[in-house]
Amino acid sequence: MIMPTGLVLVSIAVLAFVIWRKRYVAFAGYANWLVGWLGGIFLLTYITATPWFGLLLTEMLSSQVEGRVLEDPQDADAIVVLTAGMNNAGPVGWVPKADGIHRLAVGYELQRMINLRLPVIVSGGHTKGGQNPSEANVTASFFARQRTEVTPTELEEVSTDTYESAMQLAPVLGKRGARNVLLVTDEVHMLRALATYRSRGIDAIPAPALSLPVDLGFRAYLPSAYGIGLVSNALYEIIGLTGYLVSGKISFGDLQYQE
C-alpha cells in the first residue's frame, strides 16, 4: 500500500483517545483537525489502491515513450529482454516472476516472426546473491524445455538493474555492430529502459510486452490487490526515473527520441 495501514490504525487510536479526553478537556479543535487528517489519509489510501489510478499513472509513463520504428523487421540485429525478478519456490527452486515470463515470451515470439537465427539476449544478474542463479538463467530455463530453435539464447548475468544492463550490453552490441536492437520490457518500464540504453549509446527500438486490456467496469474504482500492484509498479518507475536523472545516469535528452 502507498499509505501504510499502520498509519491509519494509529490515527484511529489517537482520534479515539482525543475524543475520549474531550469530556474533560476542550480538545474540540484538535479533534476536528484529526478527523480531517484521518479522512485525507483514508481518501488517499483509497485512491492509490484503485486500478483506475494505477492505469492513469501507467498511461502517463507509456505515453511519453518515443523511439525508432523498424520499417523492415528483417533488419533487426538482436533482441534484448530485460528480466523482472524471481522468487524462491522452495522445493521447486527459483522461478521467474510473471512479468519476466511475459517479457521473454514476447521476445521469443518476435524471434519466431522475424528470424529464428536472430539472437535473443536475456539480461539479468545475481540479484539474490552470488550463491543463487542469475535472473537471466532462471527466466531462460523456464522456456528451455519447450525450445529447439537453431540460435541458443544468450545470457547477460552480471547486471542487477537497468543501468548495469545497459553498461554490460553496450560494448557487446557495439562490437557486433548491432544498430537495430529490439528492447523488450513492460510498457511502464520502457521509458526508463530506453533512456538508460540511449545514455550508453544504444538507440534501441521499443518492443513493449503489452498487457492485455482488462474490462473492470465499476471495479476499476474499487481498491484491490490488482490496483495496488499497478500503482506500486508505476511509482517505482517514477522514483527510478527521478533517481537516474538526479544521479546523472541519464539526462532529460535521453528521455526523448532524437532522429
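These remarks concern the structure in this document. (Residues numbered from 1 in each chain as written. Predicted model: local features only at pLDDT ≥ 70, side-chain atom pairs only at ≥ 80, totals over all residues. Heavy atoms only, no water.)

Some remarks on the pattern of salt bridges
For clarity, the threshold we go by: By definition here, a salt bridge exists when the distance from a side-chain nitrogen of Lys or Arg to a carboxyl oxygen of Asp or Glu is within 4 Å. Only DSSP runs of H or I reaching four residues or more are called helices, and only runs of E reaching two or more are called strands; each is numbered from the N terminus. Categorising residues by exposure relies on relative accessible area from a 1.4 Å probe, with only protein chains included: less than 20% of the type maximum marks a residue as buried, more than 50% marks it as exposed, and the intermediate range marks it as partly exposed.
The full count for this structure, using the stated rule, is 6 salt bridges. A salt bridge links Asp186 to Arg103; the nearest nitrogen and oxygen atoms lie 2.9 Å apart. Remark: Arg103 occurs in helix α4 (residues 98-114) and Asp186 occurs in the loop between β6 (181-184) and α7 (187-199); sequence separation between them is 83 residues. There is no split in this pair, since Asp186 and Arg103 are both buried.

Digging into the sheet that holds strand β4 (residues 120-123)
Sheet strands pair by backbone hydrogen bonding; their relative direction is either parallel or antiparallel. The following threshold applies: At least two DSSP bridges between two strands are required for those strands to pair.
Strands sit in the order β5-β4-β1-β6-β7 across an open sheet of 5 strands; the sheet is parallel. The sheet is open, and its two edges are formed by β5 (154-156) and β7 (205-206), each paired on a single side. Bridge count between β6 and β7: 2 bridges; the pairing is parallel. Note that in β7 the partner of Leu182 across the bridge is Ile205.

So, the packing of aromatic side chains
Selection criterion: Classification of ring pairs uses Phe, Tyr and Trp, with its six-membered ring standing for Trp, and accepts pairs whose centres are within 6.5 Å; under 30 degrees between planes counts as stacked, over 60 as edge-to-face, and the remaining range as tilted.
A full pass over the atoms with the stated rule returns 6 aromatic pairs. Each ring, one from Phe42 and one from Tyr46, has its centre 6.3 Å from the other, and the planes form 45°; the classification is tilted. Pair noted here: Phe42 and Tyr46 are both in helix α2 (residues 28-47), with a separation of 4 residues, about one helical turn. Pairing Trp52 with Phe53 gives two aromatic rings, centres 6.2 Å apart and planes at 40°, and the pair type is tilted. With a relative accessible area of 39%, Trp52 lands in the partly exposed category. One aromatic cluster is present, formed by Trp52, Phe53 and Tyr221 through successive ring pairs.

Don't take any of this as a statement about function, it's just geometry.
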